[in-house]
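The chain contents come next:
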Amino acid sequence: MARVRMRDVAEHAGVSVRTVSNVVSGYTHVSPETRARVQRSLDELGYRMDYLARGLRSGRTGFVALAVPFLDEPYFAELAQAVIRAAARRGITVLVEATAGDSDAERRILDGGLTNVADGVLLSALTVPASETSARGTDFPLVMLGEHSVGDQFPRVGIDNVAAARAAVEHLLEQGCRRIVALGRNGSENGRQRTEGYRQALSAARVRRVNWLVVPVDDWTREQGYEAVRELLVGDGPLPDAVFAFNDALAVGALRALDASGVRVPEDVAVVGIDGIQESAYTHPPLSSVAPDLDAIAERALALLEEQISRPAAPDAADAPDAADTGASPRADTHADPDAGAGDARTGTAPQVDTPFRLVVRESSRRDPSPDRTPTRDA
């Protein structure tokens, strides 16, 4: 069967080839009646866009690439869905790649490894060190997602990790907890920032340092959370009265370990995570979590990426975006940085945008403070 061409659609609809092209490309200045007539012809004839030809004509593919460490981890899967939704509203198709958190894979992307298939790249890096990228620039549109720093010469969209961790620990302190375990230090930038938020909250509350406990793990997974908490429970020291897990996967593992050991949640040990994954509402008990606004992250990141895509290949310093162009919003009570997104043409820094987050309190941590509460171990 011969391929349906734009000329065929134009003849069928009784319009010019240019009008068909405008409809297919989403051009807004086409009357509703004409658009509907062309769309009926497109559907009846079974026209399919030739993306390769369009890319050759326009210099653009209509695709952006999203690279995340893992797709089997709920947070990254939900982030990918948010990006796909936001891109669809812009008529953009998202190509997704999983790097497995491998520094070589992340480095390859920073070197332009996806530019042959996409107009720009959204990269959630996990391991590539900032020391390797501090003097690096890119000649293609790139926006970093998350808090792993690979240099402030790259635009970045994420949350204020220190503030998010501090909010989680302050909530536990408000519930009367004082022996709070920080579960998740692993040498990553995310781990460092969340440890800092934990320490800031305990220091501000004047909690004795003997009650500070930071537990390292290799990976932020359910299995690691389960094993780390099981080890805590078989020790000889006093039980913690709360666990602040550095992500929800660790928290889910912690809940399972506590339940298997007969430790009551939240009566004996309260638990809070970070990520706000959908699964957290369905654990037993439902998990309290600091939830980033994934839709806001996706929208801000794509706005910054589109700004770069539409820019000339080698802009002058005067063309650098100002704060009004980046979508940064006032903080109010949303935990977003009011100055984020501006960048600094004098120092060569790119926009660094912190988006809102919120603490979702559920049964895993909601309890009345009680100075007489003493956690018990299962015999």
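Note that the structure is predicted; figures quoted are calculated from it, not measured.

Thresholds applied
- In this convention, every chain numbers its residues from 1, walking through the sequence in written order.
- It should be noted that, the model being predicted, local features are given only for residues of pLDDT at least 70 and side-chain atom pairs only at 80 or more, the latter also being counted only at that level, while totals for whole chains, interfaces and linings use all residues.
- The basis for the side-chain values is all heavy atoms of the structure; hydrogens and waters are excluded.
- The numbering of helices and of strands both runs from the N terminus, where a helix is a DSSP run of H or I of at least 4 residues and a strand a run of E of at least 2.
- Per-residue accessibility, obtained with a 1.4 Å probe over protein chains only, is compared with the maximum for each type, and a residue is labelled buried under 20%, exposed over 50%, and partly exposed between these values.
- Of all possible arcs, the one meant is that of the directions from the helix axis to the C-beta atoms.
- Residues count as neighbours in contact if any of their non-hydrogen atoms are within 4.5 Å of one another.
- Cavity means a closed set of points on a 1 Å grid over the protein atoms alone, one where a 1.4 Å probe fits but cannot get out, pocket means an open set with protein on both sides within 12 Å along at least 5 of 7 lines, and lining means a residue has an atom within 4 Å of a point.
- Grid points are joined across faces, edges and corners, and a volume is the space filled by probe spheres set on the points.
- We treat two strands as partners when DSSP finds at least two bridges between them.
- Look down the strands so they point away from you; if the path from the first strand over the helix to the second goes clockwise, the crossover is right-handed.
- Residues form patches when they are more than 30% accessible in relative terms and have no salt bridge. Like charges link within 9 Å. Nonpolar side chains (Val, Leu, Ile, Met, Phe, Trp, Tyr) link within 5 Å.
- Surface exposure here means Shrake-Rupley accessible area, sampled with a 1.4 Å probe, where a residue is shielded only by the protein chains that are shown.
- By definition here, a salt bridge exists when the distance from a side-chain nitrogen of Lys or Arg to a carboxyl oxygen of Asp or Glu is within 4 Å.

Moving on, we come to unusual backbone geometry. Cis rather than trans, the peptide bond between Val-265 and Pro-266 has omega equal to 5 degrees. Inspection of the secondary structure assignment puts Pro-266 in the loop between α10 (248-260) and β9 (270-274). One non-glycine residue, Arg-206, lies in the positive phi region at around 60 degrees. Residue placement: Arg-206 occurs in the loop between α8 (189-204) and β7 (213-216). Overall, Arg-206 belongs to the exposed group, its relative accessible area being 76%. Of note in this structure, Asp-275 is not a glycine but carries a positive phi near 140 degrees. Mapped onto the fold, Asp-275 is located in the loop between β9 and β10 (288-292).

Those residues of helix α2 (residues 17-24) not exposed but buried are Thr-19, Val-20 and Val-23. Down the axis, α2 shows its buried residues gathered within 100 degrees of arc, on one side only. Against α1 (6-13) and α3 (32-45) lie the buried residues of α2.

With that out of the way, let us pick up the environment of Ser-364. As for its placement among the helices and strands, Ser-364 is situated in the segment after β12 (357-360). Setting aside its immediate chain neighbours within four residues, Ser-364 contacts Leu-255, Val-265, Pro-266, Val-269, Ala-270, Val-271, Pro-285, Pro-286, Leu-287 and Ser-288.

Within the element layout of this structure, His-171 appears in helix α7 (residues 161-174). The spacing of His-171 and Ala-201 is 30 residues in sequence and 9.7 Å in space, taken between C-alpha atoms.

Within the structure shown, the criterion is met by one cavity of 30 Å³ or more. The volume enclosed by the largest cavity comes to roughly 40 Å³. Considering each element in turn, the lining of the largest cavity owes the most residues, three residues, to helix α9 (residues 222-233).

So, about the pairing of strand β2 (residues 93-98). As paired strands, strand β1 (residues 63-68) and β2 are joined by six bridges and run parallel to one another. Bridge assignment links Ala-65 to a residue of β2, and that residue is Leu-95. Read from β1 through helix α5 (residues 74-89) to β2, the crossover connection turns out right-handed.

Our focus in this paragraph is the pairing of strand β8 (residues 242-245). By the alternation rule, side chains of β8 split into Ala-242 and Phe-244 and Val-243 and Ala-245, which are all buried. Across four bridges, strand β6 (residues 180-185) lies against β8 in parallel orientation. Paired with Val-181 across the strands is Val-243, a residue of β8. Bridge analysis of β8 against β9 gives three bridges, and the strand direction is parallel. Each bridged residue has a counterpart across the sheet, and for Phe-244 the counterpart in β9 is Val-272. With α10 bridging β8 and its parallel neighbour β9, the resulting β-α-β unit is right-handed.

Another aspect to go through is a nonpolar patch on the surface. Where nonpolar side chains cluster on the molecular surface, the patch consists of Leu-71, Ile-84 and Val-96 and spans about 210 Å² of accessible area. Take Val-96: it is sitting in strand β2.

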